[in-house]
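Single-letter residue listing:
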Amino acid sequence: MANERIGWVGIGVMGKYMCGHLLKAGYHMSVHTRTREKASELLAAGASWCGSPKEVARKSSVVFTMVGFPSDVEEVYLGPNGILAGTAPGSIVCDMTTSEPSLAQRIHEEARRRSVAALDAPVSGGDVGAREAKLAIMVGGDQETFDKVLPLFKRMGETIVLMGGPGSGQHTKMVNQIVIAGNMIGMVEALLYAQRAGLGHEAVIDIVGKGAAASWSLNNLGRRIAKGDFNPGFYIKHFIKDMGIALAEAQRMNLALPGLALVNQLYICAQARGLENLGTQGLYRVLAAINGAQT
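The present account deals with the structure reproduced in this document. (Residues numbered from 1 in each chain as written. Predicted model: local features only at pLDDT ≥ 70, side-chain atom pairs only at ≥ 80, totals over all residues. Heavy atoms only, no water.)

**Some points on the side chain of His108**
Selection criterion: Every helix listed is a DSSP run of H or I at least four residues long, and every strand listed is a run of E at least two residues long, numbered separately from the N terminus. Think of it in three bands: with a 1.4 Å probe and only protein chains considered, a residue is buried below 20% of the maximum accessible area for its type, exposed above 50%, and partly exposed in between. Two residues form a contact once any of their heavy atoms are found within 4.5 Å.
As for its position among the elements, His108 is in helix 5 (residues 101-113). By relative accessible area, which is 16% here, His108 ends up buried. In contact with His108, other than residues within four places in its own chain, are Ala118 and Pro166.

**Comments concerning the nonpolar core**
Stated precisely, the cut-off is as follows: Nonpolar core, defined: a set of buried Ala, Val, Leu, Ile, Met, Phe, Trp, Tyr and Cys residues in which side-chain atoms within 4.5 Å join the residues together.
Grouped together as the largest cluster of nonpolar side chains are 33 residues, with contacts concentrated most on Trp8, Met18, Met29, Phe64, Met96, Ile137 and Phe153. Mapped onto this core, the elements with two or more residues apiece are strand 1 (5-9), helix 1 (15-24), strand 2 (28-32), strand 4 (62-65), strand 5 (92-95), strand 8 (135-140) and helix 7 (143-153). With residues up to four places along the chain from it excluded, the contact list for Phe64 reads Ile6, Gly7, Trp8, Val9, Leu22, Cys94, Met96, Val149, Leu152, Phe153 and Met156. Core analysis: the next-biggest nonpolar cluster, separate from the first, contains 32 residues, Ile205, Ile245, Val263 and Leu266 among them.

**What to know about the pairing of strand 2**
As a reminder of what qualifies: A pair of strands is labelled paired if DSSP reports no fewer than 2 bridges between them. For the handedness criterion, the strands are oriented away from the viewer, and a crossover whose path from the first strand over the helix to the second runs clockwise is classed as right-handed.
Within strand 2, four of the five residues are buried, leaving the element largely enclosed by the surrounding structure. Strand direction decides the pairing type here: strand 1 and strand 2, joined by five bridges, are parallel. What sits directly across from Arg5, in strand 2, is His28. The parallel pair strand 1 and strand 2, bridged by helix 1, forms a crossover whose chirality is right-handed. Examined bridge by bridge, strand 2 and strand 3 (residues 48-49) share two bridges and lie parallel to one another. Opposite Val31, over in strand 3, you have Trp49 as the bridge partner.

**Some thoughts on empty space enclosed by the protein**
The condition that has to hold: A cavity here means a set of 1 Å grid points, computed over protein atoms only, where a 1.4 Å probe fits but cannot escape. A pocket is an open set with protein on both sides within 12 Å along at least 5 of 7 lines, and lining residues have an atom within 4 Å of a point. Grid points are joined across faces, edges and corners, and a volume is the space filled by probe spheres set on the points. Residue polarity is assigned by list, with Asp, Glu, Lys and Arg as charged and Ala, Val, Leu, Ile, Met, Phe, Trp, Tyr, Cys and Pro as nonpolar; anything else, Gly included, falls into the polar class.
Counted under the stated rule, the structure contains one cavity of 30 Å³ or more. Considered as a void within the structure, the largest cavity measures approximately 80 Å³ in volume. Those elements that provide at least two residues to the lining of the largest cavity are strand 5, helix 5 and strand 6 (117-120). Per-class residue counts for the lining of the largest cavity are seven nonpolar, two polar and two charged.

**Thoughts on helix 7**
Definition in use: The arc in question is the one spanned by the directions pointing from the helix axis to the C-beta atoms. Any pair of nitrogen or oxygen atoms within 3.5 Å is treated as a polar contact; in protein, a donor-acceptor pairing is required on top of that, and neighbouring residues in sequence qualify only through side-chain atoms on both sides.
Where helix 7 is concerned, the buried positions are Thr145, Phe146, Val149, Leu152 and Phe153. Buried positions in helix 7, seen along its axis, are confined to an arc of 100° and lie on one side of it. Of the residues flanking the start of helix 7, the one acting as N-cap is Asp142, its side-chain oxygen 3.2 Å from the backbone nitrogen of Glu144.

Rendered as structure tokens:
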């Protein structure tokens with residue numbers, strides 16, 4: 001399997017690690033990203049540069065993508081220099097971006113017309129999970145294609161599940177993001193309370209993070225807040241995108257999700273303050289400012 005030619009489009013905070021794991025496993029990697037400099041480490045490690053997603057597809061039997069927004073996914077797959085313009089029959093494409101379920105279904109249908117198999121496989125775990133190959137990978141598509149790609153997924157993650165047909169991976173990621181939204185507001189408000197009460201953040205996380213209130217957000221992002229580290233493991237701007245997708249899907253399904261809507265508005269406030277390129281833990285700075293607290 002290591003002789004298989006793999007393509008990767010999108011070398012960002014997480015994609016660079018995910019692609020790197022496949023490269024280290026001995027796969028021949030063809031890569032493309034809008035800013036070639038972001039791929040410099042991968043190129044130095046032996047990956048081959050391609051000038052477009054279409055060129056990546058021409059050189060690969062399996063192509064992964066990890067880009068920013070649904071508009072990027074649409075361009076990368078369906079544009080004139082996109083992946084599906086270069087794929088050969090029998091190849092596989094797999095979008096690991098968090099994107100719209102309906103777009104995942106469109107890509108699946110267009111790929112099927114070209115005798116190409118498609119999976120949607122968004123992930124959870126942030127930069128830490130990507131770096132340590134411990135991501136949760138939620139997949140939509142058919143069983144046969146999933147089974148073929150599973151050895152590659154196992155190089156990037158620990159928990160990998162086929163959730164259903166096309167779009168099911170994206171729907172599952174929306175569930176994940178709804179949970180994260182609630183965790184983030186709870187974690188930030190708790191740390192602000194701790195500060196006002198004169199408690200040390202690290203000490204609070206040490207004890208609360210071992211009990212019933214434990215969460216990934218508290219034990220990972222809470223630690224970053226305690227250190228004053230607001231660098232992105234996952235960008236605020238991308239979380240706003242994800243919550244927007246979830247709210248649109250909820251409206252389509254006639255669901256009221258007031259908690260998600262509230263957290264979405266608070267993150268939009270962060271964006272309005274010019275904080276969109278911080279990590280999601282940057283929400284702390286917004287609520288700290290509201291409460292006159294230091295960050």
